[in-house]
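Inside the fold
Spelled out from the first residue to the last, the chains are:
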Number of protein chains: 2
Amino acid sequence: MSRGLVVALSGGVGGAKLALGLSRILPLDELLVVANTGDDFEHLGLTICPDIDTLTYVLAGLDNTEQGWGRRDETWSFMATIASVGGADWFRLGDRDLALHVERTRRLRAGETLTEITSDITHRLGVKSRILPMSDDPVRTRVLTDSGWIDFQDYFVRQQCRPVVRKLEFDGAPKARPQPDVIEALAGKVRAIVICPSNPFISIEPILAVPGMRAAIETCDAPVVAISPIVGGTAVKGPTAKMLQELGLTVSSASVAKRYGDLLDGYIVDHGDSQGIPGKVHVTPTLMKTVADKEVLARSTLAFADSLT
Amino acid sequence: MSRGLVVALSGGVGGAKLALGLSRILPLDELLVVANTGDDFEHLGLTICPDIDTLTYVLAGLDNTEQGWGRRDETWSFMATIASVGGADWFRLGDRDLALHVERTRRLRAGETLTEITSDITHRLGVKSRILPMSDDPVRTRVLTDSGWIDFQDYFVRQQCRPVVRKLEFDGAPKARPQPDVIEALAGKVRAIVICPSNPFISIEPILAVPGMRAAIETCDAPVVAISPIVGGTAVKGPTAKMLQELGLTVSSASVAKRYGDLLDGYIVDHGDSQGIPGKVHVTPTLMKTVADKEVLARSTLAFADSLT
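1. Structural notes on the overall build of chain A
Secondary structure summary: chain A contains 12 helices and 14 strands in total. Here the C-alpha radius of gyration of chain A, 18 Å, is about what a compact globule of 309 residues would show, namely 19 Å. Pairs at least 24 residues apart make up 67% of the contacts formed inside chain A by residues separated by at least 6 positions.

2. Thoughts on the sheet that holds strand β8 (residues 167-171) of chain A
Through backbone hydrogen bonds, the strands of a sheet pair up, either in parallel or in antiparallel fashion. All names here are of chain A. Strands sit in the order β7-β6-β8 across an open sheet of three strands; the sheet is antiparallel. Each edge of the open sheet carries a strand with a single partner, namely β7 (148-151) and β8. Strand-to-strand twist of the sheet, defined as the mean angle between neighbouring strand axes without regard to direction, takes the value 30°. Pairing of strand β6 (residues 140-145) with β8 involves five bridges; the strand directions are antiparallel. When the sheet's bridge partners are listed, Thr 141 is paired in β8 with Phe 170.

3. Considerations on the sheet that holds strand β7 (residues 148-151) of chain B
Residues and elements named next belong to chain B. The antiparallel open sheet is built from three strands, whose spatial order is β7-β6-β8. Both edges of this open sheet fall to β7 and β8 (167-171), since each of them pairs with a single strand only. Here the average twist between neighbouring strands, direction ignored, is 30°. This element, helix α8 (residues 200-209), spans β6 (140-145) and β8 of the sheet and lies at about 45° to β8.

4. Quick look at the relation of the copies chain A and chain B
Under the fitted operation, chain A is carried onto chain B by 0.0 Å of movement along the axis and a turn of 180°, and the coordinates agree to an RMSD of 0.0 Å. These values place the two chain copies in the arrangement generated by a two-fold rotation axis. Within chain A, the C-alpha atom positioned nearest to the axis of rotation is that of A:Asp95, 3.1 Å from it. Both copies share a contact surface, since 100% of the interface residues of chain A are interface residues in chain B too.

5. Things to note about the interface of chain A and chain B
Contact residues are listed per partner, giving 25 residues for chain A and 25 residues for chain B. Secondary-structure elements contributing two or more residues to the side of chain A that touches chain B are α3 (77-82), α4 (95-109) and α5 (114-124) of chain A. A total of 10 residues in the side of chain A that touches chain B trace back to one element, the largest contributor, which is α4(A). Its residues assigned to classes, the side of chain A that touches chain B comprises 10 nonpolar, eight polar and seven charged.

6. Focus: unusual backbone geometry
As a rule of thumb, non-glycine residues mostly have phi less than zero, and peptide bonds are mostly trans rather than cis. Despite not being glycine, A:Asp73 shows a phi value in the positive range, around 55°. Its place among the elements puts A:Asp73 in the loop between α2 (50-59) and α3.

7. Re the nonpolar core
Counting 179 residues, the largest nonpolar core has A:Ala8, A:Ala19, A:Val34, B:Ala8, B:Ala19 and B:Val34 as its most contacted members. Dropping the residues within four chain positions of it, B:Ala19 is found in contact with B:Ala8, B:Ser10, B:Val33, B:Leu55, B:Val58, B:Leu59 and B:Cys196. Counting 10 residues, the second largest nonpolar core, distinct from the first, contains A:Phe152, A:Phe201, A:Ile202 and A:Met243.

8. A short note on the pairing of strand β5 (residues 130-133) of chain B
Residues and elements named next belong to chain B. What you see with β5 is no split at all: Arg 130 and Leu 132 on one side and Ile 131 and Pro 133 on the other are buried throughout. Two strands pair when backbone bridges link them, and strand β2 (residues 31-35) and β5 are joined in this way by four bridges, in the parallel orientation. Within β5, the position partnered with Val 33 by the bridge is Ile 131.

9. A short note on the packing of helix α1 (residues 13-25) of chain A against helix α12 (residues 291-307) of chain A
All names here are of chain A. Where α1 meets α12, the closest approach of the two axes is 7 Å, and the angle between their N-to-C directions is 75°. The angle between α1 and α12 falls in the class roughly perpendicular. In this structure, α1 uses Lys 17, Leu 18, Leu 20, Gly 21, Leu 22, Arg 24 and Ile 25 to contact α12, whose residues at the interface are Lys 294, Glu 295, Leu 297, Ala 298 and Arg 299. Residues of the contact of α1 with α12, tallied by class, amount to six nonpolar, one polar and five charged.

10. Let's talk about the environment of A:Gly272
Residues and elements named next belong to chain A. Along the polypeptide, Gly 272 turns up in the loop between β13 (266-269) and β14 (280-283). Assessed through the 11 C-beta atoms surrounding it within 10 Å, Gly 272 is described here as exposed. Taking the C-alpha atoms as reference points, Gly 272 and Gly 21, 251 residues apart in sequence, are found 23 Å from one another.

Conventions we followed
Residues numbered from 1 in each chain as written. Chains lettered and ligands numbered in written order. Predicted model: local features only at pLDDT ≥ 70, side-chain atom pairs only at ≥ 80, totals over all residues. Helix = DSSP H or I, 4+ residues; strand = E, 2+ residues; numbered from the N terminus. Rg over C-alpha atoms; globule rule 2.2 N^0.38 Å. Contact = placed C-beta atoms within 7 Å. Pairing = 2+ DSSP bridges. Axes fitted to C-alpha atoms, helices over the stretch in contact; angles between N-to-C directions. Least-squares fit on C-alpha atoms with pLDDT ≥ 70 in both. Nonpolar A, V, L, I, M, F, W, Y, C, P; charged D, E, K, R; others polar. Core = buried A, V, L, I, M, F, W, Y, C linked by C-beta atoms within 7 Å. Buried ≥ 20, exposed ≤ 12 C-beta atoms within 10 Å, placed from the backbone. Parallel < 35°, antiparallel > 145°, perpendicular 65-115°, else oblique.

See the structure below:
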């Protein structure tokens, strides 16, 4: 008998690792992955959804594990040509990856929702678990730097996280409707809500900023467990540590835990990162290098969550 | 001193061969190529302009001479992937070629004209001659078959010209405005108007169907010379011969000449194809295999045109 749904909130690379672990240890219909769409953007006339796509490729086994992002067996002819016809080439789009962006953009323009398109494409690519966007309405993360507000991908990719971050905002979030199946799922039988080891500021907080999402999580009886993205006092990947510093916070798992505050019922941190964390803490290795690591952390996360009920 | 502009009306592959010959023997500012846009279409959400692109690639020296269409050094990863995400794969789009379609589509959506975009892209790719679309307004060739009206590329590529053609129409043509620089050029000092050896029905007649275009050609003092696309009693390439038959015409250079009628001041045909052609005829080899062939035919065409004034 099902112990209920595991709802995982996830950004891209780090979150997708745990999502893969969860997908390998849970029955197909017991995992729902809610993807951040705050770093989606319009580029070259295409709608690009980096976190949905990373989750899709990772869960379909199509990810480029050497490169750490994008698709495997990728080629780069489009990228090698786009600048010659005057197009922007600062965001790297592989030829195979591009097929997904082109087809998704066509379908969005034809009036389909991001949910419908994502469900269809993930199914076609062989993903067994459900991946849902946090909202079908556009939410776009923006970053306040010393040169003013800029789009997230401008900050993240074009300027390679060099600008100092003063503030973040999620453009469109106040008017966005939460993805309805997510809200319905949270009102049903839920075993655990897992906040993946993603960047809190740019991967998880956009999800929580969608009106109704935080309330649905808070109302849900299931334990909410987060896995710290900080290991050994720094971020495994990306600008999490730099952002913590720039926003005036200590680079520590405790800072991330405090950021989530009352939302959490439990927190999972690596050895040596458990100082100063209030509430229930589970200490376990959180670095996921192999598929086995991902499965072990997924099992450990669910066991910890189960112990909280 | 300039003898005036040579205005060449062209479709894709066959026309581009002569356009290349003309571009190699004329000063840069003495050639204007007017491209058919009747076979443009919207595919995968992209606006694709096959004849403009063929002319661009050929005049930039970027064409795939072995394949006979598309770009050289092409790769096909996008095409190998598009069907897996549910996209249509019947029209082959190379990864490099795609860069042009994506960037053009982005700029069209941003409100730029096809003329502006074409001028900029051809310049960036190293084309020295001017290529102008027949119109900035969409004109779409449609084909009446025994199963009803279908879009041109559906007939041409997806169904590989298999349906019997009963009739052609140029959707949008009655309301299309001719490209203004073309009309202005035709009102200026023109040495010759050259109708390239393209398919009359699907490459040249769409150009002539744009209101004002035929009148501007007729009003222009310069001689109008067409090169027959029929060599040795059949078409060099494409469905010209099949279409002539299906439309109840003899497969001959004479049929094509009659189709153009009074518009022509002179007609150029290959040896053995000159039977039954009214008016001034110049007989010369018209098959263009090498660059030298293209230059020789271009020179011969201009000499013939000059002799008519």
